[in-house]
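# Remarks on the overall topology
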Amino acid sequence: MDRIKQGLLQLALVCAVASVMWGATLGKVVSIGGHASDIALDERRGVLYIANFTANRVEVMSLSDQSIRRSINVAAQPGALAISPDGRYLLIGHFGPWDPPRVSTNALTVIDLQTEQRQTFTVGFPVLGVAFGYDGVALVVTTNDISLFDPVSGAMRALDTIDGITVKAFADNLNTFPPQIVASSVTATRDGQRIFGVVDLEPNKEGTSGEGPTGETGTSSKFIRFSYNVANGQLVAVGTAASPKLGPRVVSVADDASYYMVGWALIGCDFRLRGDCDASGPLLSELPNTLGSLNVGSHVIDSVNNTIYAQAPESGDQFNAIPTLRIMDADNLTLRERIRLPENLAGRSILNNARDVVYAVSDSGVTVIPVGSLNRMPRVAASHEDVVFRGNFCDRSVATQEIQILNPGGGQVPFSLSSTMDGVQISPATGMTPATVQVRVDPNAFQNQNGTVVGEIRISAPAAVNIPFNIRVLANNREPDQRGSFFNVPGKLVDLVADPARERFYVLRQDRNVVYVFDSRTNAQIAALRTANVPTSLAITFDKHYLLVGHNDSQLAYVFDLETLAPDKPIRFPIGHYPRSIAAVGRTILAASRVAGPEHTIDRVDFGARTATTLPSLGIYKNSVHVQTVLEAAPNGSAILAAMPDGNVMLYDATADTFTVSRKDSTSLAGAYAASSYGTYFVGDTMFNSSLVPVRKLDAGSGSSSGFAFVDQTGFRTTARAGGNGTVQRMDVASGEMAMATRIVESPLLSASEMPFTRTLAPLGDRSAIIALTTSGFTVLPWTYDSAVAPPRLDRVVNLADGSAGLAPGSLISIYGRDLSPINAASREVPLPTALGESCLTVNGIPVPMLFVSPSQINAQMPYRVDGNATMVLRTPGGVSDNVNLAIQPAAPGVFRSNEPGPLEGTPTVIRARNGLMVTPSNPVHEEDQLVIYLTGMGRTLPAVESGVPAPSDPLAMAAIPPEVTLGSVSLPIYYAGLSPGQVGVYQINALVPFKGVPKGLEIPLTISQGGSSTTMLVRVVD
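About the criteria used
Residues numbered from 1 in each chain as written. Predicted model: local features only at pLDDT ≥ 70, side-chain atom pairs only at ≥ 80, totals over all residues. Heavy atoms only, no water. Pairing = 2+ DSSP bridges. Helix = DSSP H or I, 4+ residues; strand = E, 2+ residues; numbered from the N terminus. Axes fitted to C-alpha atoms, helices over the stretch in contact; angles between N-to-C directions. Salt bridge = Lys/Arg side-chain N within 4 Å of Asp/Glu carboxyl O. Buried < 20%, exposed > 50% of the residue type's maximum accessible area, 1.4 Å probe, protein only. Phe/Tyr/Trp six-rings, centres within 6.5 Å; stacked < 30°, edge-to-face > 60°. Lys NZ or Arg CZ within 6 Å of the ring centre and 35° of its normal. Polar contact = N/O pair within 3.5 Å; in protein donor to acceptor, adjacent residues only side chain to side chain. Contact = heavy atoms within 4.5 Å. Core = buried A, V, L, I, M, F, W, Y, C linked by side-chain atoms within 4.5 Å.

## Quick word on the sheet that holds strand 3 (residues 28-31)
In sheet architecture, strand pairing relies on hydrogen bonds along the backbone and comes in two forms, parallel and antiparallel. What the four strands build is an open sheet, ordered 3-30-29-28; its pairing is antiparallel. Strands with a single pairing partner mark the edges of an open sheet, and in this sheet they are strand 3 and strand 28 (345-351). For this sheet, the mean inter-axis angle between neighbouring strands, taken without regard to orientation, is 25°. For strand 29 (residues 358-362) and strand 30 (residues 365-369), the ladder comprises four bridges, and the chain directions are antiparallel. If you follow alanine 360 over to strand 30, its bridge partner there is threonine 367.

## Thoughts on unusual backbone geometry
The omega angle of the peptide bond from glycine 247 to proline 248 is 0°, so this bond is cis rather than trans. Examined against the element boundaries, proline 248 turns out to sit in the loop between strand 19 (234-242) and strand 20 (251-253). In this structure, proline 955 follows aspartate 954 across a cis peptide bond, with omega equal to 5°. Mapped onto the secondary structure, proline 955 falls in the loop between strand 86 (941-942) and strand 87 (958-959). One non-glycine residue with positive phi stands out, namely arginine 767, at about 60°. Turning to its location among the elements, arginine 767 is positioned in the loop between strand 67 (761-763) and strand 68 (769-774).

## Description of the sheet that holds strand 43 (residues 514-519)
Read from one edge to the other, the open sheet built from four strands follows the order 41-42-43-44, with strand pairing classed as antiparallel. Both outer strands of the open sheet, strand 41 (493-498) and strand 44 (524-530), are each paired with one neighbouring strand and no more. Along the sheet, successive strands turn relative to each other by an average axial angle of 20°, direction set aside. Note that strand 41 and strand 42 (residues 504-509) share five bridges and pair antiparallel. In the strand pairing of strand 42, aspartate 495 is matched with leucine 508.

## As for the pattern of salt bridges
Taken as a whole and assessed by the stated rule, the structure comprises 42 salt bridges. Across the pair aspartate 386 and arginine 472 runs a salt bridge whose closest N-O atoms are separated by 2.7 Å. Of this pair, aspartate 386 sits in strand 32 (residues 386-391) while arginine 472 sits in strand 39 (residues 471-477); the two residues are 86 residues apart in sequence, bridging distant segments of the chain. On the basis of relative accessibility, which here comes to 9%, the residue aspartate 386 falls in the buried class.

## A short note on the packing of aromatic side chains
In this structure the tally under the stated criterion is 13 aromatic pairs. Ring geometry for phenylalanine 505 versus phenylalanine 518: centroids 5.2 Å apart, planes at 10°, classification stacked. A residue pair is termed long-range when its members are at least 10 positions apart, and phenylalanine 505 in strand 42 and phenylalanine 518 in strand 43 qualify at 13 residues. Residue phenylalanine 518 is classed as buried on the basis of its relative accessible area of 4%. Relative to phenylalanine 708, the ring of phenylalanine 682 has its centre 3.8 Å away and its plane inclined at 15°; by these criteria the two rings are stacked. Placement of the pair is phenylalanine 682 in strand 58 (residues 681-683) and phenylalanine 708 in strand 61 (residues 704-711), with a sequence separation of 26 residues. In this pair, the class of phenylalanine 682 matches that of phenylalanine 708, namely buried. Among the aromatic side chains, those forming a connected cluster through ring pairs are Phe487, Phe505, Tyr516, Phe518 and Phe778. Between arginine 796 and the ring centre of tyrosine 816, over which it is positioned, the NZ or CZ distance is 4.3 Å.

## Here we look at the side chain of threonine 629
With respect to the helices and strands, the residue threonine 629 is situated in the loop between strand 52 (611-614) and strand 53 (630-633). Only 2.6 Å separates the side chain of threonine 629 from the backbone oxygen of histidine 626, close enough to count as a polar contact. Contacts of threonine 629, omitting those with residues within four sequence positions, involve Ser581, Ala592, Ala642, Ala643 and Met644.

## Some details on the nonpolar core
By size, the foremost hydrophobic cluster in this structure holds 50 residues, and its most contacted members are Ile308, Tyr506 and Leu547. Among the elements that line this core, the one with the most residues is strand 21 (residues 259-262), at four residues. In this structure, Ala762, Ala825, Leu836 and Val848 belong to the second largest nonpolar core, which totals 42 residues.

## A closer look at the side chain of glutamine 555
Position of glutamine 555 relative to the elements: it lies in the loop between strand 46 (546-551) and strand 47 (556-561). Among the polar contacts listed, one links the side chain of glutamine 555 to the side chain of tyrosine 578, at a separation of 3.2 Å.

Functional significance is not addressed by these values, which are geometric in nature.
The structure is reproduced here in structure tokens:
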């Protein structure tokens, strides 16, 4: 019978996908004919208890079929529920502050679930919440106090009083819901060791201050959050204010009590230190831009899987919005997925012990959400966040890329795609998952736009339970005079710093709460550092040992050790302080903080203690700054510049240890900001002297201010126009002389209303290049981007695998010469780009896909469409190379050599399948060995593959000209010869060594012959 019930439950959950006006949804709604105020899960008995606040009963829902089997009539207004840890008692708290002549109905009801006996105890004040500890004693929160209640004896003992609660007596206004009336939530950890709660002191009051996602004028309230340690009886309470209100009115707790979520706020211990937390812990992260409604939304923590399931409507979503369940990382609220719900959640959520079903209070009563069955539900997702098309001055052909539209859990789901950009074609635009979709971009549609054009491919899938993320489309059409090589980094990028002591730079991605670490020698990403929610700024300590990250929605500044790239203990700011911008000089670290209150402040960091305190004043000036204040340290540690969008600028003098200058010479400031080591400062388009007196206004004709950086007495400035390509200029700071503006390959990022200041330019410490945040991600500019450039010279073209002269269609090649590229750049994109590092290579006019460029070498793939006599030409900013004449053979096999330093360097990549190791004298070929030989230059394939595109795995791309492999004089059977799946230009031959007849020795020739060409290696062969 239990198995039958389990099967029915699974069937019910899998089928719990409703279809309403906005499409498929996840979850089943159970209506109770009233307003639910709380729930309690009793898995021992297979039921869920639902407090029907307005009908004065407790509904009993079966977990097997989600039906209401019976109802328990109780005293008026059952507002809170809890089950004792032994499963015997159901405790009900009643909220009944009636005005005379009606009698108050504040009470506690205890139901013995074994005997079904019940007892009601009158309580002097309305009950707000109840929760059991592991000892079987319940914590009871009323509008007057927090007490302990023994359900066996009925004894109650007060722990502490609550002052200041204001509760409106019934009858209440129309359209008022239980969370707005009770305005409290209490939750225990699974093991009953800790109990956390929140009590709203002013649930009906309007206000203008408090900690929260905005800190701006709006509905707010004062509240108390508390924790109770059952083992030692310690009660810790913290009172503060919230704006907007701390909704949804729910408390969720991690299993180990190391963090908890109350409303929109995630609170816990110090960063990643799992331990004994209480209510006084810092605000780790918060949901941005939330509506703050007490009766709309819910959340629950699955700490085992680092997951939070939450609905928290954003501002503006109060009406006609799709109820959406966010699946987020529990440590920093990074959004993973958005799931449609059948209706709004409206209170407590409970995750079952198997962690695969969420039961949530909702508008109709309860919604059952089978989160563990999500992979079996219809969903739609794309394989790429971004699709980048790189047109260039030697390639105006239509470009094609492939993306996969899939159901992450497998199976078929219908979808449709549409583009917001002209010149973009999608085929097929509709279909069923899984599907391979081709996106074609005609660069001629953007020929009058010399920057990067941005659009979206929108994904519509009404039959899917999730809301798919759209795909960003970037199309660039560069001209020969545009400098730089751009690298795609998806997402919202908000800050950039170069490491002065290491060959690295750091890019802050706000929408994914991460710092990307790049190697400045290769421009390749080498690490990703997780931050708290909505990071805003980066800073490096003056000793160059640590990276600091400020946040808009966390009261911590994160710290990373730059030697190990490991997270270190964070900096904790005062309650209600959010460190948006940080600067470090000498022993002083300052932060411009958004403060939950009427005034925002500059805080000083004690780095040893990892705490911050508010400066009592800013020198002779009041410590009250604009919420969007930014700070920038002079490289030599002499000063910190503070710039504000209202036109105020200030200067902190490190020697005097105080703010010495405050001026306002304009009504507004925005754009770039920078500080030099020579008493010169820059904000927007204005240069300031050491007293922050404006001394020069730069011409804004080239566009809006984006980036500025000082290097000694030289300045670099970038500007941009919306939809344009942007410019970079070099400046002599002492004289103010500006060099002619040079066009950049794409536009630098511009400021936005939520971030009026931009730091988008970072010269590398070794003066090899300048990094700029631009439309697609970042652009690398050579340090001498504006100097005269020599035309490129091609000396020789060889097979990349073995350096031989044989070239074939589709083979990987190396080109050697001089002035081949202004920078080093390696591409990780597929298909491979035909323009890289400001260089563009053609053979017979056909663009050549490139893997790597440097001043002396280019690695590329010979186009499949080229054969016979061919002419190669390279175009760079320095000009056009002389022609190089080539003879392209039908096939020219060359086996790759190992580049691993040591004794294996230069060894042919012939692999023994038996052990997966290269054939060497110590790992010789044996009879009956299967050999896998990796090579390039085997020519065209069947089916044909496009140049620069990875080889398919189904069907395999077979070599059109069959090769022959001999070992000594013995021919080896070949089981496969063609492109290696997933690789560009890499082929493989799978061959078998016969049982008998193969010659033995230290240097037996292994020869590959194909299409009149051959290559030979010497290998050791034994019995």
